[in-house]
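Chains, contacts and geometry: an overview
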Amino acid sequence: MYYRLKDDFAFRGWIGLPYAIKNLEINELEPFFCNKEKFDVLIKCDGRTDIAIDTLNKDIKFVLDRLAAFGALEASKDPLEGLKEYQKYKLYKTAYMESFLWSITGKCNYKCRHCLLSAPSFEQVQLSLEDCKYIIKELETSGVSNVDISGGEPLVRQDFWQIADELSKAGIKVRTIFTNARLINEKFMEELDKRNMYPTFQISFDGTGFHDWLRGVEGAEKETIRAIKLLVQYNRNVDCTMCIHKKNKDSLRDTVKLLSELGVRSLNINAPQCLGCWADYSQKYALSEEEEIEVIKEYIPQYFEDNAPINISIDGYFSGYKGRKEFLMAHIHNVKSADELSKMYICKTARFKSYISPEGKIMPCMGFSGSSLTDKFPNILEKSLAEITTDSFYKDIVCTTKTKFLEKNEECKTCEHLLHCAGGCSACALNDTGDYCGVEIKHCNFFKKNLADEIRKAVPEGIIEI
């Protein structure tokens, strides 16, 4: 029997994960990773090699059948066309990374009171176009498929479209653009259409009547609503984020209704971290944990009374789904055993999806910006991504497992909540304790204070927890 990898797929490998089949058309799909025994058979799926099916064990037969059903392989009794050159096996010199969130500038046209990068008083770092091209080349030669673009405000760059075009030429998809949306206009939409770009737009909207205050610019709310309408008109997906604080806490219901009417897909609500600019405002305006829980409890019945008008997530405490009588508490994990937990990465997301800062530093996530560890992270302009992902301070952190967390936190080892808690966020722990392997206080309190039951009591009858 002859098998051939279809044109949208290629044989690929990375340091530590050397055997994979990658979909080149749908970048969001994770590669199909396998062991050497299976890969030795799969690599023969070149259209020209006769594979003796009867000699294969059932596991390998299953993999062939699965890939064929998925549309990755075609089969024939007769020889097929050989593989195209780009489909042939390529081993990258980096560890596997799916994507990066890339702050292409530290500059911003707003003066947000909660800015993580302290952009209003930031050093206004913005790498040259040539440096950006170099970074893109590093991403390309490392097999990175996707980037999410952020800032500062990414659209303030005069060469934004040149960067977008360089990413496209490198086969790297812009999956999400994080923006305050003020610079989105008809010309911008025409440029998107010209390039057939359909990223999701992640737009900040901090409550009806309160957006201008947090963003520090008069007219910001009006501009944001205008831009959302334009994006939806052009059939782009729009998700929104909202930073909740004492001034806007009572605007949740009106905000959700408005965004739903505008055609926004989802709203992610979070209390800002006490970092950057917010360190100066948090004492007066930040909600205490107890206050935030009361806001959530008050809003949950309203959300379902309004027939769950939008997908919503509130700080990991509560998630609801548009039009569905279901909810989830993302803080709650279901790890099977302490042994399984000990083998997990300190942050699974950061291991495969990391952050490039405005000056080119590679970090686990944006939450490490401005932390005590910032200066220790390598710069991609000074060290190759191959070196960074295989031998650097960055690599040591993202490859840290929960074993180290358990070693540093004796109380957690015997905690009754351990397998549901799983340790919390390492960036938040760094902010709380000065140690990325420390305990995230807010997450820990969620379990110790039994806040899950408090939230469940606010959910109307007939709504199912999933």
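Everything that follows concerns the structure shown earlier in this document.
Let us look at the structure shown here. Just so you know, these numbers come straight off a predicted model, no measurement behind them.

Right, let's talk about the nonpolar core for a bit. Within the largest apolar cluster, 102 residues are counted, with the highest numbers of intra-cluster contacts made by W102, I184 and F318. Counting residues per element, this core draws most heavily on helix 10 (residues 289-305), which supplies seven residues. In this view, W102 contacts C132, I135, I136, D148, I149, S150, I163, L167 and I356; residues no more than four positions away in its chain are not counted. Counting residues in each nonpolar core, the second largest holds 20 residues, with L5, F11, V41 and L83 among its members.

Throughout the structure, instances matching the rule amount to 25 aromatic pairs. Taken together, a centroid distance of 4.8 Å and an interplanar angle of 70 degrees make the contact between W14 and Y96 edge-to-face. One end of the pair, W14, is in strand 2 (residues 9-15); the other, Y96, is in the loop between strand 7 (90-95) and strand 8 (99-103), with 82 residues separating them in the sequence. You can call W14 buried: its relative accessible area is 1%.

The next subject is the environment of R113. Position of R113 among the secondary structure elements: in the loop between strand 8 and helix 3 (129-140). Considering only alpha carbons, one finds R113 and L385, 272 residues apart in sequence, at a separation of 34 Å. For R113, the contacting residues outside a window of four places in its chain are W213, L214, C277, W278 and Y281.

Attention now goes to the sheet that holds strand 2. Ordered by their spatial adjacency, four strands build an open sheet running 4-3-2-7, and the pairing between neighbours is mixed. Every other strand in the sheet has two partners, leaving strand 4 (32-33) and strand 7 as the edge strands with one partner each. Examined bridge by bridge, strand 2 and strand 7 share three bridges and lie parallel to one another. Within strand 7, the residue paired with G13 across the bridge is L91.

The complete set of buried residues in helix 18 (residues 426-433) reads S426, A427, C428, A429 and L430. In the stretch just after helix 18, G434 is the one whose phi turns positive, near 85 degrees.

Now for a nonpolar patch on the surface. Judged by side-chain polarity, I15, I43, Y89 and L91 come together as a nonpolar surface patch covering roughly 320 Å² of accessible area. Looking at the secondary structure, you find L91 in strand 7. Its relative accessible area of 45% is what places L91 among the partly exposed residues.

Time to look at the sheet that holds strand 13 (residues 266-270). Across the sheet, which stays open at both edges, the twelve strands sit in the order 18-17-8-9-10-11-12-13-14-15-16-19 with mixed pairing between neighbours. The sheet is open, and its two borders are formed by strand 18 (362-363) and strand 19 (464-465), each paired with just one other strand. Sheet analysis places strand 16 (residues 326-328) next to strand 19, joined by two bridges and oriented parallel. By the bridge assignment, F327 is partnered in strand 19 with E465. Those strands touched by helix 4 (residues 160-169) are strand 8, strand 9 (146-150) and strand 10 (173-179), and its axis lies near 170 degrees from that of strand 9.

The rules we used
- Residue numbering note: each chain is counted from 1, following its sequence as written.
- In keeping with the predicted nature of the model, local features appear solely for residues at pLDDT of at least 70, side-chain atom pairs appear and are counted solely at 80 or more, and the whole-chain, interface and lining totals rest on all residues.
- Calculated side-chain values reflect all of the structure's heavy atoms, with hydrogen atoms and water omitted.
- Definition of nonpolar core: a set of buried residues of the types Ala, Val, Leu, Ile, Met, Phe, Trp, Tyr and Cys, connected through side-chain atoms within 4.5 Å.
- Each residue is assigned to one of three classes by its accessible area relative to the maximum for its type, calculated with a 1.4 Å probe on protein chains only: buried under 20%, partly exposed between the two thresholds, exposed over 50%.
- A run of H or I in DSSP becomes a helix once it reaches four residues, and a run of E becomes a strand once it reaches two; helices and strands are each numbered from the N terminus.
- In this description, contact between two residues means that some pair of their heavy atoms is separated by no more than 4.5 Å.
- Two rings from Phe, Tyr or Trp (for Trp, the six-membered ring) form a pair when their centres sit within 6.5 Å of each other. Planes less than 30 degrees apart are called stacked, planes more than 60 degrees apart edge-to-face, and all others tilted.
- Two strands qualify as a pair provided DSSP detects at least 2 bridges between them.
- Any residue with relative accessible area above 30% and no salt bridge may belong to a patch, with like charges joined within 9 Å and the nonpolar Val, Leu, Ile, Met, Phe, Trp and Tyr side chains within 5 Å.
- Per-residue and other accessible areas were derived by the Shrake-Rupley procedure at a 1.4 Å probe size, with only the shown protein chains allowed to occlude residues.
- What counts as a salt bridge is simple: a side-chain nitrogen of Lys or Arg found within 4 Å of a carboxyl oxygen of Asp or Glu.
- Only C-alpha atoms enter the line fits that serve as axes; for helices the fit covers just the stretch in contact. Angles between N-to-C directions range over 0 to 180 degrees.

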